[in-house]
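For reference, the chains in residue letters:
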Amino acid sequence: MSFWTFLQQNRNEMLTLVLQHLNLVLISTSIAVVIGIPTGILLTRKQALRNPVLGIANVMQTIPSLALFGFLIPLPFIGGIGARTAIVALVLYALG
């Protein structure tokens, strides 16, 4: 089976998955903007908060994505593997 044949046979499923992916990205980016812009403004006004917040952001950036999912899966309020976990991970990476 060629690549193009595969795409033709599975175009409906691929379209569904692409739309789900774009939805996750849109939601997580929106949440990150809503959190990030006020936090950035606050950090410019409160010097004492800069180091702790930037330290947390630096730690989040050093955690590989699969490890972050591994940390998030067992948390009861996140809910295991799924869209909620992906959104939380994407928001954390976007803020880092």
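Residues numbered from 1 in each chain as written. Predicted model: local features only at pLDDT ≥ 70, side-chain atom pairs only at ≥ 80, totals over all residues. Heavy atoms only, no water.

## Brief notes about the layout of surface pockets
Its boundaries defined by the atoms lining it, the largest pocket holds a volume of some 240 Å³. Lining the largest pocket we find 13 residues, and of these Thr 39, Val 53, Ala 57, Leu 95 and Gly 96 sit closest to its centre. Mapped by element, the contributors of at least two residues to the lining of the largest pocket are α2 (11-45), α3 (47-62) and α5 (83-95). Its residues assigned to classes, the lining of the largest pocket comprises nine nonpolar, four polar and no charged. (1 Å grid on protein atoms, 1.4 Å probe; cavity = no way out; pocket = protein on both sides within 12 Å on 5 of 7 lines; lining within 4 Å. Points joined across faces, edges and corners; volume = space filled by probe spheres on them. Helix = DSSP H or I, 4+ residues; strand = E, 2+ residues; numbered from the N terminus. Nonpolar A, V, L, I, M, F, W, Y, C, P; charged D, E, K, R; others polar.)

## Things to note about the nonpolar core
Formed by Met 60, Ile 63, Leu 68, Leu 72 and Ala 89, the largest nonpolar core amounts to five residues. Beyond its immediate chain neighbours, meaning those up to four positions away, Leu 68 contacts Met 60, Ile 63, Ala 89, Leu 92 and Tyr 93. (Core = buried A, V, L, I, M, F, W, Y, C linked by side-chain atoms within 4.5 Å. Buried < 20%, exposed > 50% of the residue type's maximum accessible area, 1.4 Å probe, protein only. Contact = heavy atoms within 4.5 Å.)

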